[in-house]
Amino acid sequence: MELRVANVRKEFERFPALNDVSLDIRSGELIALLGPSGSGKTTLLRLIAGLERPSAGSIFFGDEDASHKSVQDRNIGFVFQHYALFRHMTVLDNITFGLRIRKSSRRPEKAEIRRRALELLDLVQLSGLEKRYPTQLSGGQRQRVALARAMAVEPNVLLLDEPFGALDAQVRKELRRWLRDIHDRTGHTTVFVTHDQEEALELADRVVVMSKGNIEQVGTADEIYDKPVSPFVFGFIGQSSHLKVRIENGEVWFHDRVIGIKASDLPDGPATLYFRPHDIELTDGCSGCIAGLVTVSRRIAGTWHTEVDVGAGHEKIEVSLNADQSAALKGGRIAFRPRHYRIFPTN
Amino acid sequence: MAVDAAMKPSALALSAAKEERVRPFRDPTSESLPVKILLIALAAAFLALVLFLPLYAVFSEALRKGLDAALLAIADHDALSAVSLTLLVAVIAVPFNLVFGVAAAWAIAKFEFKGKAFLTTLIDLPFSVSPVIAGLVYILLFGAGSFLGPVLESWGAQVLFAVPGVVLATIFVTFPFVARELIPLMQHQGTGDEEAALSLGASGWQTFWYVTLPNIKWGLLYGVLLCNARAMGEFGAVSVVSGRLRGETVTMPLQVEILYNEYNYVAAFAVAALLALLALVTLVLKALLERVYSRDHALTPGH
């Protein structure tokens, strides 16, 4: 089912958690809400679920305005960070809960409920564990039961709140691939919240980057990484270095020299240059480059993480050199120019 | 690192100076044998003096003239009506406080609202106020000089010096037990399970019956037992509002006192022994519950 979040605002006792957020989610899409803590990503997910009520704006399920529907009537599947499995029920009872509590007119036959639950258990690769209690399962298994339970009600949309947040790194990676696989097989419209960019970029069709209650950018993993639209996104996704510069007549100046980058479409004035530390070319002389003294260089596997002291103000800037480039470190002084970069004017 | 390096020489000097007085290894959280024996003996002596001796005295006094005399004293009409009134009061007060306690704990643990701290304090009030004062409050509320008393009486409802007054006073005195037991438990469990149930389409009642109640059942039973023990044993508040009408508004604790004041020691202690027996049964049940409860809990991880 398609989802549309239209101009939604949410305040908790005057404290704004979301400011005027709009988002379109296509049917069958796997979407990640990515951001640091406090960015409003979980609030947005809970608003979609109906666990919170928006202060303003609407949420559409298909063409229908669901803003005033209760969580029960939205027919969603919600997976909680800490699983929230019912500890006094077996795995099978947990999965069938959503079906068993339905009014008899909407409730499938007992045998049908059981058949469906066992099928789901098979899908989440936990066949044979239906009689176990949640406390007898590992964290990864519990999260898979929680997912099966959410899918048992055949939800319009599957919502996952930091689904792998409480698991250790190895299990996270396995479950990530497995979730992608399940999504491809079942085709549920799925929204999940994460603060782990690797998880978001690897798993999602599109990533929604959020910060301070706003959506900064929506796009595929490539778009987010290669064409970040704001300093926040550039800094938040992947490694980044930045340098305070000045723009004059379409030329980028660093203190008293041009650094060989054109910025013809930007207005004159102060700005910040962002680039990826590894995405640079070393230059020999310095007619149009950034140059400075190497202060620290640490080698981590095949990469030399190098801190360069540039310019009069002793700004430190970090670049990553590969094995070929590392020879330049011997001189104690390097000159370079970013290959790809973004310049954001300073307001 | 710099601090470490600076500390080292002085630490070395200290240990050198104390070298002769190095103490042998001992479990750092344990005590030496004589200290252990002393502490345990003190505790045992104290327990014997204030708990076992009185309990023994109650039963030995009751059986001073043999079991038959004690049973005869209990079979007395007034004594029997005291027993049945005590049970009746418990049967009314405990369910009332069960419902109230669950509702209050639910509100306090699962919701944020203004005046929550005040409500929490209010629930503790019966613990901090003397039961005698609680009784006097009901005299003021329902007595002949009050507004409520005459109105209710004109409808034929006698509160003071009647069973309703006894029940009301007992409810007041025992109402924190269930809520106090449940609030920390429910706060610890949070609202995650309830949200999960709601998101799966459960109604509020279904969520309560199938998710919340099973999660708190052991704590609830424990609270109910404590509440019951207190309801049966309450003396002060009941004594003030009952009017001590023999065979009508006298509960077991009051009956004990009346008999004692009449120098009828065997009967007084026989009823007292029966009351103590009821309390002991409650305690045994509580101990059993605690074992099951802790076993349940040991299986439950932090989240």
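Reading the values: rules and limits
Residues numbered from 1 in each chain as written. Chains lettered and ligands numbered in written order. Predicted model: local features only at pLDDT ≥ 70, side-chain atom pairs only at ≥ 80, totals over all residues. Heavy atoms only, no water. Domains from an automatic or database assignment. Contact = heavy atoms within 4.5 Å. Buried area = accessible area lost by both parts, 1.4 Å probe. Salt bridge = Lys/Arg side-chain N within 4 Å of Asp/Glu carboxyl O. Phe/Tyr/Trp six-rings, centres within 6.5 Å; stacked < 30°, edge-to-face > 60°. Helix = DSSP H or I, 4+ residues; strand = E, 2+ residues; numbered from the N terminus. Buried < 20%, exposed > 50% of the residue type's maximum accessible area, 1.4 Å probe, protein only. Pairing = 2+ DSSP bridges. Axes fitted to C-alpha atoms, helices over the stretch in contact; angles between N-to-C directions. Polar contact = N/O pair within 3.5 Å; in protein donor to acceptor, adjacent residues only side chain to side chain. Nonpolar A, V, L, I, M, F, W, Y, C, P; charged D, E, K, R; others polar. UniProt positions renumbered as here; feature names shortened; annotations may be inferred.

(A) Layout of the domain arrangement of chain B. Residues and elements named next belong to chain B. The assigned domain composition of chain B is domain 1 (35–64) and domain 2 (67–296). For domain 1 versus domain 2, the distance between C-alpha centres works out to 28 Å. Taken together, the contact between domain 1 and domain 2 spans 6 residues of the former and 10 residues of the latter. Between domain 1 and domain 2 lies a buried interface of about 690 Å² when both sides are counted; carbon and sulfur atoms form 85% of it. For the pair domain 1 and domain 2, the number of links is 0 salt bridges.

(B) Up close: the packing of aromatic side chains. Taken as a whole and assessed by the stated rule, the structure comprises 19 aromatic pairs over all chains. Both rings, one in F97(A) and one in Y210(B), keep their centres 6.5 Å apart while their planes meet at 85°; by these two values the pair is edge-to-face. Within this pair, whereas F97(A) is found in helix α3 (residues 91–100), its partner Y210(B) is found in helix α11 (residues 204–233), the two belonging to separate chains. On the accessibility criterion, Y210(B) (44% relative accessible area) is partly exposed. Both rings, one in F127(B) and one in F177(B), keep their centres 5.2 Å apart while their planes meet at 80°; by these two values the pair is edge-to-face. One end of the pair, F127(B), is in helix α5 (residues 116–128); the other, F177(B), is in helix α9 (residues 176–189), and 50 residues separate them in sequence. Since its relative accessible area comes to 43%, F127(B) is described here as partly exposed. You can call F177(B) buried: its relative accessible area is 14%.

(C) Seen up close, the sheet that holds strand β7 (residues 157–161) of chain A. Residue and element names in this part refer to chain A. Strands sit in the order β6-β7-β8-β3-β9-β10 across an open sheet of 6 strands; the sheet is mixed. The sheet terminates laterally at β6 (76–79) and β10 (214–219), the two strands that pair on one side only. On average, adjacent strands in this sheet sit at an angle of 15° to one another, irrespective of strand direction. Of the pairings in the sheet, the one linking strand β3 (residues 30–34) to strand β8 (residues 189–194) comprises 5 bridges and is parallel in character. Considered in β8, the bridge of A32 is made with F192.

(D) Highlighting the domain arrangement of chain A. All names here are of chain A. By domain assignment, chain A separates into domain 1 (3–234) and domain 2 (240–345). Summarising the inter-unit geometry, the C-alpha centres of domain 1 and domain 2 are found 41 Å apart. In this assembly, 6 residues from domain 1 lie in contact with 7 residues from domain 2. Interface of domain 1 and domain 2: buried area, both sides summed, is about 720 Å²; carbon and sulfur atoms make up 62% of it. Per-residue buried area on domain 1 facing domain 2 is highest for Y225, P231 and F234; these three make up 79% of the total on that side. Between domain 1 and domain 2 we count 0 salt bridges in total. The interface formed by domain 1 and domain 2 includes 3 residue pairs in polar contact (both at pLDDT 80 or more). Across the side of domain 1 that touches domain 2, the residue classes break down as 5 nonpolar, 1 polar and no charged.

(E) Region of the structure containing the UniProt feature "transmembrane region" (unreviewed entry) in chain B. Residues and elements named next belong to chain B. The feature "transmembrane region" (unreviewed entry), as annotated in UniProt, sits at residues 37–59, 80–109, 129–152, 159–179 and 263–285 in this numbering. Secondary structure across residues 129–152 divides into 71% helix and 0% strand, with the first and last C-alpha atoms of the span separated by 26 Å. Taken end to end, residues 159–179 has its terminal C-alpha atoms 26 Å apart, with 76% of it in helix and 0% in strand.

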